[in-house]
Amino acid sequence: MPGLADCLSFLRLLIARGDPKGIPLAISAIDDYLAMAPVSARRRGLRELQQDALELHVSSVGVQRSFAETVDAYIERKLAEE
């Protein structure tokens, strides 16, 4: 899927850093993915992003866990819009 691998990599990096200032960057990365993905692939791509964030959430602590939760919540809102 167009841009999905880049988005996954970028979100992993941001979650690993756990810096709350990176949340707008994560939101922008997700929105950019949605803007370039074909409509038919968006839901599946969002689910893949969400699954990755959830896996990172389980293995993280502290600010990384909180960041992953925020990413997951944003993806869930986007899925509701699709």
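Cut-offs applied
Residues numbered from 1 in each chain as written. Predicted model: local features only at pLDDT ≥ 70, side-chain atom pairs only at ≥ 80, totals over all residues. Heavy atoms only, no water. Patch = residues over 30% accessible without salt bridge, like charges linked within 9 Å, V, L, I, M, F, W, Y side chains within 5 Å. Areas by Shrake-Rupley, 256 points an atom, 1.4 Å probe, with all protein chains shown as cover. Salt bridge = Lys/Arg side-chain N within 4 Å of Asp/Glu carboxyl O. Helix = DSSP H or I, 4+ residues; strand = E, 2+ residues; numbered from the N terminus. Buried < 20%, exposed > 50% of the residue type's maximum accessible area, 1.4 Å probe, protein only. Expected span 1.5 Å × (residues − 1). Contact = heavy atoms within 4.5 Å.

Visitor: Please clarify how a nonpolar patch on the surface should be interpreted in this entry.
Guide: Taken together, F10, L13 and L25 make up a surface patch of nonpolar side chains, about 240 Å² in accessible area. Among the structural elements, L25 can be located in helix α2 (residues 23–36). Judged by its relative accessible area of 45%, L25 falls in the partly exposed class.

Visitor: Would you mind showing me how to read helix α1 (residues 4–17) here?
Guide: Along an α-helix, residues three or four positions apart point the same way, because every turn accommodates 3.6 residues. Taking 1.5 Å of rise per residue, 14 residues should cover 20 Å, and α1 covers 20 Å from first to last C-alpha, within 8% of that figure. Taken together, the buried residues of α1 touch α2, α3 (39–59) and α4 (62–81). At the C-terminal side of α1, G18 shows a positive phi close to 70°.

Visitor: So what exactly am I meant to see when it comes to the environment of L25 here?
Guide: Taking the C-alpha atoms as reference points, L25 and L13, 12 residues apart in sequence, are found 11 Å from one another. If near-sequence neighbours (up to four positions away) are discounted, L25 is found in contact with F10 and L14.

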